[in-house]
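Chain and residue survey
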Amino acid sequence: MAGAAAESGPELRTFAGSRDPSAPRLAYGYGYGYGYGYGYGPGNLRELRAREFGRLAGTVYLDHAGATLFSQSQLESFTSDLMENTYGNPHSQNISSKLTHDTVEQVRYRILAHFHTTAEDYTVIFTAGSTAALKLVAEAFPWVSQGPESSGSRFCYLTDSHTSVVGMRNVTMAVNVMSTPVRPEDLWSAEERGASASDPDCQLPHLFCYPAQSNFSGVRYPLSWIEEVKSGRLRPVSTSGKWFVLLDAASYVSTSPLDLSAHQADFVPISFYKIFGFPTGLGALLVHNRVAPLLRKTYFGGGTASAYLAGEDFYIPRPSVAQRFEDGTISFLDVIALKHGFDTLERLTGGMENIKQHTFILAQYTYVALSSLQYPNGAPVVRIYSDSEFSSPEVQGPIINFNVLDDKGNIIGYSQVDKMASLYNIHLRTGCFCNTGACQRHLGISNEMVRKHFQAGHVCGDNMDLIDGQPTGSVRISFGYMSTLDDVQAFLRFIIDTRLHSSGDWPVPQAHADTGETGAPSADSQADVTLAVMSRRSLSPQEDALTGSRVWNNSSTVNAVPVAPPVCDVARTQQTPSEKAAGVLEGALGPHVVTNLYLYPIKSCAAFEVTRWPVGNQGLLYDRSWMVVNHNGVCLSQKQEPRLCLIQPFIDLQQRIMVIKAKGMEPIEMPLEENSERTQIRQSRVCADRVSTYDCGEKISSWLSTFFGRRCHLIKQSSNSQRNAKKKHGKDELPGTMATLSLVNEAQYLLINTSSILELHQQLNTSDENGKEELFSVKDLSLRFRANIIINGKRAFEEEKWDEISIGSLRFQVLGPCHRCQMICIDQQTGQRNQHVFQKLSESRETKVNFGMYLMHTSLDLSSPCFLSVGSQVLPVLKENVEGHDLPASEKHQDVTS
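Described below are features of the structure shown in this document. (Residues numbered from 1 in each chain as written. Predicted model: local features only at pLDDT ≥ 70, side-chain atom pairs only at ≥ 80, totals over all residues. Heavy atoms only, no water.)

**Thoughts on the overall build of the protein chain**
From N to C terminus, the protein chain includes 22 helices and 41 strands. For the protein chain, the residues scored as buried account for 57% of the 898 residues in total. Summarising the internal contacts of the protein chain: among those between residues at least 6 apart in sequence, 72% fall at separations of at least 24. Roughly 37700 Å² of accessible area belongs to the protein chain as shown, and the carbon and sulfur atoms make up 49% of that amount. (Helix = DSSP H or I, 4+ residues; strand = E, 2+ residues; numbered from the N terminus. Buried < 20%, exposed > 50% of the residue type's maximum accessible area, 1.4 Å probe, protein only. Contact = heavy atoms within 4.5 Å. Areas by Shrake-Rupley, 256 points an atom, 1.4 Å probe, with all protein chains shown as cover.)

If you want it as structure tokens, here you go:
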């Protein structure tokens with residue numbers, strides 16, 4: 001098993017040493033020394049990437065098991081087809097409809113040929129995806145219910161199956177058919193034991209489902225199981241009857257050929273976007289024709305009936321299997337797109353066999369390198385979850401599943417790894433990948449732990465990656481036909497740079513020996529490829545070609561205008577953050593005092609600093625009341641558009657306007673409130689919440705579009721829209737009338753402690769290996785965390801022990817820490833990214849990358865104006881389980897006016 005990293009010294013093992021010497025030599029596929037006459041000769045994989053996938057420049061995409069990417073020529077060919085031909089509804093009889101029908105039938109033949117079979121053996125039924133294909137089988141299979149006279153059918157599935165396979169058991173349950181999960185190790189053991197006695201006369205239909213390739217670990221299960229199960233030589237359970245086999249091929253066929261003439265599964269669901277990247281929402285069920293007559297159908301839709309009566313129960317289905325099961329009009333344009341997918345894939349790569357070899361060798365190379373990485377104390381850097389040793393593409397697909405460890409062997413949460421990867425513009429996937437069974441088996445998660453995790457608030461797809469120190473998921477990388485060794489190098493450099501940065505000059509895996517134009521190993525030297533070393537170097541922002549640390553080029557880089565005093569009279573006497581930080585350091589304001597107040601009128605845009613500001617029922621008045629959205633109405637944040645921080649809003653309460661500035665742009669102003677008579681309400685989403693908003697007009701839209709170079713709009717939360725705060729786990733319900741939110745992510749306020757900033761500042765600047773001048777100023781760090789309230793506490797991170805705080809008559813409940821994302825790596829005055837802040841926090845905090853605390857009003861009387869002011873004293877109440885005396889929280893202070 002490959003559950004732990006292999007033992008090795010600082011110098012990574014050679015490729016040859018990691019393989020069985022008797023194993024056959026593998027060709028490297030297209031682009032690695034072999035030309036196939038399909039448009040891309042030897043060494044031209046980099047040319048393929050530049051020509052067909054230019055959008056990947058500076059990006060390392062490693063989530064091909066989730067969805068691979070379509071090529072430019074594939075899309076151009078399909079678009080040209082649509083522009084040159086008229087395709088009508090295939091259920092009609094006109095000329096354009098006949099063209100559609102004939103083209104769709106040709107695509108069916110093309111699909112069958114791709115899987116090395118013909119229409120004599122298999123039928124292609126188009127579905128909405130592989131999940132819909134699985135649901136079709138579950139509903140149409142000829143189940144025999146369990147009863148007094150029959151033991152009934154059995155539905156068995158490998159526990160290393162996708163959620164959509166496991167979900168079939170709910171259909172079988174409804175017809176009183178027993179479901180049995182089968183562990184991979186049990187089936188391997190049964191294969192070794194051989195067949196057991198069974199009743200040859202029993203014809204009860206049973207169904208066994210298993211994946212050709214695990215979407216969790218990439219292990220490839222034997223295709224020989226198909227015939228062994230069907231013949232009775234291998235039985236998932238000791239039950240007599242006739243066994244049928246469903247081979248879940250969705251993951252497998254994305255990078256490997258499948259020969260259905262040799263491995264004749266009864267049902268084969270597939271998903272086309274896994275192969276071509278486009279179209280999405282289209283799959284197929286390949287049904288063996290000997291099984292098709294057994295399928296039973298209840299519902300019938302348009303196009304499936306030869307004849308029926310509306311007034312009585314009379315229905316005659318179409319004779320064709322496909323026509324009987326394709327309810328309604330199929331996605332015929334998407335089906336036509338498949339033709340261009342097959343053509344392009346063949347032209348670019350020479351076929352699936354080449355893709356299989358190419359993607360496997362990248363995975364094998366990565367596996368060897370990852371397995372070799374160790375900390376100076378000998379501890380492995382990663383723990384790989386695998387059932388193979390990556391010895392050949394017959395047993396392993398191009399998927400690597402792992403967790404990153406610290407030097408003590410503790411798992412680093414997958415969400416933390418994901419956030420760090422995004423700073424290098426590396427796209428990977430985290431969680432359990434819709435495969436709870438494999439996740440439990442490899443990570444050692446018991447059924448009781450799954451229930452406990454759910455009770456703790458963890459659900460599939462969230463970022464709750466560690467509970468009581470135990471992982472709830474892992475990290476997955478996967479390769480596609482356009483993946484390159486450059487992608488691998490960038491990924492390995494990311495792991496080394498973020499985990500081994502303090503261990504001296506560690507090696508970055510690098511291909512040695514003969515390399516082609518792509519930098520990949522050539523076919524002649526593939527058995528002797530070594531993982532050589534190169535001097536580790538810090539990644540500069542300019543090295544975005546491989547790491548994805550994107551920065552603005554000279555033409556678009558601008559310096560943010562320093563935070564200026566607000567326009568209104570409310571706060572004309574403010575200090576700069578650096579002046580206040582200096583004041584805190586000198587102890588001028590004393591303990592637990594508000595030193596800075598910020599609001600962010602436009603979500604993700606620059607801070608607006610004030611010294612005294614009104615409080616509303618959603619927080620500071622106008623905080624996150626507006627947001628910038630793209631042409632599709634999707635909210636933009638600095639994670640996608642760092643230059644948002646260069647947009648500076650200023651609010652003038654007296655004139656009731658907001659002035660928006662940016663370097664190189666004329667200032668623009670707009671009213672604070674909407675004109676209710678002319679406002680058109682639209683629906684938007686913030687953190688999965690639906691909010692009512694309105695567009696602020698074409699004038700500001702044009703201004704933003706000019707600045708960003710793409711179509712944008714400014715929208716504002718409608719005054720009659722109420723977004724309720726979510727109850728935090730372990731917290732009492734907040735008063736419903738007060739717990740409302742603006743367009744913030746989590747809570748009404750975010751508080752940070754300057755002492756915590758200073759400790760991080762010291763860590764960042766003392767860790768500078770080259771002894772250069774300080775990398776970050778206190779002001780820079782303060783602005784990165786985008787807090788509303790900054791205080792000068794006595795000790796770093798003491799705020800994490802507070803349960804409540806009072807600032808004058810205002811009382812706040814401390815909801816919990818802010819789990820930080822990549823935005824803290826963006827310099828709020830320049831828009832440039834630098835991963836050091838997130839990385840240092842990741843090292844210094846024991847679990848999550850937390851910084852700052854969320855606050856929410858516990859009570860608020862708006863019958864008279866309320867204000868927050870710089871200089872106000874902050875009185876905290878410690879959590880009950882924290883040692884020490886509770887501090888008073890009821891004393892009133894003159895600096896807060898009610």
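Here the narrative resumes.
**Observations regarding a nonpolar patch on the surface**
On the surface, a nonpolar cluster with roughly 250 Å² of combined accessible area is contributed by Leu-309, Phe-314 and Ile-316. Turning to its location among the elements, Ile-316 is positioned in strand 10 (residues 314-317). (Patch = residues over 30% accessible without salt bridge, like charges linked within 9 Å, V, L, I, M, F, W, Y side chains within 5 Å. Salt bridge = Lys/Arg side-chain N within 4 Å of Asp/Glu carboxyl O.)

**A short note on the packing of helix 2 (residues 72-84) against helix 11 (residues 332-349)**
One way to put it is that helix 2 packs onto helix 11 with a least axis distance of 9 Å and a crossing angle of 140°. The angle between helix 2 and helix 11 places the two elements in the oblique class. In the packing of helix 2 onto helix 11, the handedness of the crossing is right-handed. On helix 11, the residues touching Ser-73, Gln-74, Ser-77, Phe-78, Asp-81 and Leu-82 of helix 2 are Leu-333, Ile-336, Ala-337, His-340, Gly-341, Thr-344 and Arg-347. Residues of the contact of helix 2 with helix 11, tallied by class, amount to five nonpolar, six polar and two charged. (Axes fitted to C-alpha atoms, helices over the stretch in contact; angles between N-to-C directions. Parallel < 35°, antiparallel > 145°, perpendicular 65-115°, else oblique. Left-handed = near helix turned anticlockwise from the far one by under 90°. Nonpolar A, V, L, I, M, F, W, Y, C, P; charged D, E, K, R; others polar.)

**Points about the sheet that holds strand 25 (residues 619-620)**
Taking strand neighbours across the sheet as the criterion, the three strands line up as 25-24-40 in an open arrangement whose pairing is antiparallel. The sheet is open, and its two borders are formed by strand 25 and strand 40 (867-869), each paired with just one other strand. (Pairing = 2+ DSSP bridges.)

**Considerations on helix 2**
When the terminal C-alpha atoms of helix 2 are compared, their 18 Å separation across 13 residues agrees well with the 18 Å that a helix rising 1.5 Å per residue should span. Contacts made by the buried residues of helix 2 are with helix 1 (45-52), helix 9 (273-276) and helix 11. The N-cap of helix 2, judged by a side-chain oxygen 3.2 Å from the amide nitrogen of Gln-74 a few residues on, is Ser-71. (Expected span 1.5 Å × (residues − 1). Polar contact = N/O pair within 3.5 Å; in protein donor to acceptor, adjacent residues only side chain to side chain.)

**Section: the nonpolar core**
Grouped together as the largest cluster of nonpolar side chains are 73 residues, with contacts concentrated most on Leu-370, Ile-400, Phe-402, Ile-426, Phe-491, Phe-494 and Phe-785. For this core, the element with the highest residue contribution is helix 16 (residues 485-499), accounting for eight residues. Residues Leu-48, Phe-208, Val-237 and Leu-282 belong to the second largest nonpolar core, which totals 62 residues. (Core = buried A, V, L, I, M, F, W, Y, C linked by side-chain atoms within 4.5 Å.)

**Description of the state of the cysteines**
This structure, assessed with the given rule, holds one disulfide. The side chain of Cys-432 participates in a disulfide bridge whose partner is Cys-439; the two sulfur atoms lie 2.0 Å from each other. The S-S bond linking Cys-432 to Cys-439 shows a torsion near -55°; that makes this disulfide left-handed. Residue Cys-432 shares its accessibility class with Cys-439, and that shared class is buried. Cysteine Cys-460 remains unbridged, with the sulfur of Cys-432 as its closest cysteine sulfur at 6.8 Å. (Disulfide = S-S within 2.5 Å.)

**Regarding the layout of surface pockets**
Looking at the second largest pocket, its volume works out to about 1000 Å³. Where the lining of the second largest pocket is concerned, the elements lending two or more residues are helix 5 (163-166), helix 13 (414-423), strand 15 (429-431), helix 14 (436-443) and helix 15 (447-455). Of the residues that constitute the lining of the second largest pocket, the class distribution is 13 nonpolar, 17 polar and eight charged. (1 Å grid on protein atoms, 1.4 Å probe; cavity = no way out; pocket = protein on both sides within 12 Å on 5 of 7 lines; lining within 4 Å. Points joined across faces, edges and corners; volume = space filled by probe spheres on them.)

**Thoughts on helix 11**
Taking 1.5 Å per residue as the helical rise, helix 11 with its 18 residues ought to reach 26 Å, and the 26 Å between its terminal C-alpha atoms agrees with that figure. Buried within helix 11 are the following residues: Phe-332, Val-335, Ile-336, Ala-337, Leu-338, His-340, Gly-341, Phe-342, Thr-344, Leu-345, Leu-348 and Thr-349. Summarising the contacts, the buried residues of helix 11 are in contact with helix 1, helix 2, helix 3 (95-114), strand 2 (122-127), helix 9 and helix 12 (352-372). After helix 11 finishes, the residue Gly-350 shows a positive phi value of roughly 90°.

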